[in-house]
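Structure at a glance
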Amino acid sequence: MEENFNMVAKTLFGFEDLLANELTQLGAQKVTKGVRNVSFVGDKGFMYKANLGLRTAIKILKPIHGFNVNNEKDLYNKIYAMDWSNYLKPSGSLAIDATIHSDLFSHSLFIAQKTKDAIVDKFRDTTGQRPDVDLKFPDVKINVHIDRRHCTISLDSSGDSLHKRGYKMATNIAPINEVLAAGMIMVSGWDGQCDFMDPMCGSGTILIEAAMIACNIPPNLMRKEFAFERWPDWDVDLFEKIEESLLKKTRDFHYKIIGYDKAPSAVFKAKDNVKNAQLEDFIEVKHEDFFKTQKAGEAKLHMVFNPPYGERLNIDMEQFYKNIGDTLKQNYPGTDAWFITSNLDALKHVGLRPSRKIPLYNAKLESRLVKYVIYEGSKKAKFN
């Protein structure tokens, strides 16, 4: 039997509950929520499963040591004292990533440098050889996290951020992060039991994440590599077994996922990415201006989108957001519409009252995920 160990899954602000729920459903033990992270317990197979199967995780870290630290010299000495030979060969390569929440240390790059010095010096002093630094494809990626005086050293089992799913070859000016897209769709409560639409689909991220959720396809199947594949204990047979067990849980989807964009270049990119993700059977992308469209048929529609915020596109935001509200109200009865924006002033011009407003961040922009319920006929008639 593989032995269990502690792990930490990092996520975006506001998705801690979603991630904890995902981990519980996958079978994690001792699931505990933090801020932008969830800690849990599992074995090596579960670490593979978490990297393959979690939609709202950015990284899966495996803590290997923790200690209190008073200054840079103290940090250097304690990292030097660790036995690194279990994780890295003297001829191997490493990369270091540091995050700091402490008034003792101000510069994360300096902490990463100090950590690297301690590990390299230890190898040189004990073996006469030193590992190289390789920021792109290191044998081991090490995460240093200092919270006030406590330092945690972890191995990064993911490597590149898990939002890099592997299906996106083409992007637009302001593509949405895949983890943010998946989290928004999950917060919106979409369960694959009706049609889905993204009326401003850009390069298709929301459409693809929605299809994977509907069909229960593991989000990271198409990744080229995880960091744990370079670890000394990499078990390819176990990994393939885990992959197979996740694939057995996929399900059928009997509705439509539709994307519109008024830019032909965006439609072209979205179709490309849908094809890369092998989801053409479920997703249809059309060259349409949302403001000139209307809902097809009577059935319920679930809509999630990421309209422009005015950060990088030069348009009249007040008019644009008024058009969103008018189009929803007049042309999309029987729709639950969700969208994210950091333009909180423009939001006032939608002219509809949101039934939910959830604080999230899109990259560094403080944003709101808002929900508008568009009733069939008037709201008054609905309640009479």
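Residues numbered from 1 in each chain as written. Predicted model: local features only at pLDDT ≥ 70, side-chain atom pairs only at ≥ 80, totals over all residues. Heavy atoms only, no water.

Broken down by element type, the protein chain carries eleven helices and 15 strands. Scaling as 2.2 N^0.38, a compact globule of 384 residues should have a C-alpha radius of gyration of about 21 Å, and the protein chain matches this with 23 Å. Overall, the protein chain is about 75 × 45 × 40 Å in size when its C-alpha atoms are taken along their principal axes. Burial status across the protein chain gives 50% buried among its 384 residues. A separation threshold of at least 6 residues defines the contact pool for the protein chain, and within that pool the share at least 24 residues apart is 76%. Side-chain charges in the protein chain split into 53 positive and 50 negative, and the spacing between the mean points of these groups amounts to 4 Å. (Helix = DSSP H or I, 4+ residues; strand = E, 2+ residues; numbered from the N terminus. Rg over C-alpha atoms; globule rule 2.2 N^0.38 Å. Buried < 20%, exposed > 50% of the residue type's maximum accessible area, 1.4 Å probe, protein only. Contact = heavy atoms within 4.5 Å. Lys, Arg positive; Asp, Glu negative; His and termini not counted. Charge placed at Lys NZ, Arg CZ, Asp CG, Glu CD.)

On to the side chain of H163, then. Along the chain, H163 turns up in the loop between β8 (150–156) and α5 (178–187). Of the polar contacts made by the side chain of H163, one reaches the side chain of S161; its length is 2.7 Å. (Polar contact = N/O pair within 3.5 Å; in protein donor to acceptor, adjacent residues only side chain to side chain.)

The element strand β7 (residues 140–147) is extensively covered by neighbouring structure, given that six of its eight residues are classed as buried. With eight bridges joining them, strand β5 (residues 93–101) and β7 adopt parallel strand pairing. Within the sheet, the bridge partner assigned to H101 lies in β7 and is D147. Direction of pairing for β7 relative to β8: antiparallel, over a ladder of six bridges. Directly across from I142, in β8, lies its bridge partner L155. Hairpin connection between β7 and β8: a loop of two residues separates the two successive antiparallel strands, and R148 in this loop has a positive phi of roughly 55 degrees. (Pairing = 2+ DSSP bridges.)

Taken as a whole and assessed by the stated rule, the structure comprises 24 aromatic pairs. Between Y76 and Y80, the aromatic rings sit 6.0 Å apart at their centres with planes inclined by 25 degrees, giving stacked as the arrangement. Placement of both Y76 and Y80 in helix α3 (residues 72–80) is noted, with a separation of four residues, approximately one turn of the helix. Given the relative accessible area of 26%, Y80 is considered partly exposed. By way of ring pairs, the aromatic residues F290, F291, F305, F320, Y321, Y332, F339 and Y372 are connected into one cluster. The ring of F5 carries the charged tip of K62 above its face, separated from the ring centre by 4.2 Å. (Phe/Tyr/Trp six-rings, centres within 6.5 Å; stacked < 30°, edge-to-face > 60°. Lys NZ or Arg CZ within 6 Å of the ring centre and 35° of its normal.)

The next subject is the sheet that holds strand β13 (residues 335–341). The seven strands lie next to each other as β11-β10-β9-β12-β13-β15-β14, forming an open sheet whose pairing is mixed. Here the strands that pair on one side only, and so sit at the sheet edges, are β11 (283–287) and β14 (356–362). Each neighbouring strand pair of the sheet contributes to a mean axis angle of 20 degrees, computed without reference to strand direction. Relative to strand β12 (residues 301–305), strand β9 (residues 195–198) is paired through three bridges, and the arrangement is parallel. Bridge pairing in β12 links D195 to L301. Against the sheet, helix α8 (residues 264–276) touches β10 (257–261) and β11, its axis set at about 165 degrees to β11. Contacts from helix α9 (residues 317–331) reach β12, β13 and β15 (365–374), with the element oriented near 170 degrees to β13. (Axes fitted to C-alpha atoms, helices over the stretch in contact; angles between N-to-C directions.)

As for its position among the elements, R353 is in the loop between α10 (344–347) and β14. Residues R353 and L247 lie 106 residues apart in sequence; the distance between their C-alpha atoms is 41 Å.

Within the open sheet, the eight strands sit side by side as β2-β3-β1-β4-β8-β7-β5-β6. Their pairing is mixed. Looking at the sheet topology across the chains shown, the edges are occupied by β2 (29–33) and β6 (132–133). Here three bridges tie strand β1 (residues 5–10) to strand β4 (residues 59–68), and the two strands are oriented antiparallel to one another. Within the sheet, the bridge partner assigned to A9 lies in β4 and is I60. Sitting on the sheet, helix α4 (residues 108–127) touches β5, β6 and β7, and the angle it makes with β5 is about 140 degrees.

Most of α5 is tucked away: eight of the ten residues are buried. By the burial criterion, the buried members of α5 are E178, V179, L180, A181, A182, G183, M184 and I185. The N-capping residue of α5, defined by a side-chain oxygen 2.7 Å from the backbone nitrogen of V179, is N177. Among the residues trailing α5, G189 stands out with phi positive, at a value near 80 degrees.

Within the protein chain, residue pLDDT values average 93, and 95% of them lie at 70 or more. Low pLDDT, under 50, characterises residues 379–384; the predicted model gives this stretch two contacts beyond four residues in sequence or across chains. (pLDDT = per-residue confidence, 0-100.)

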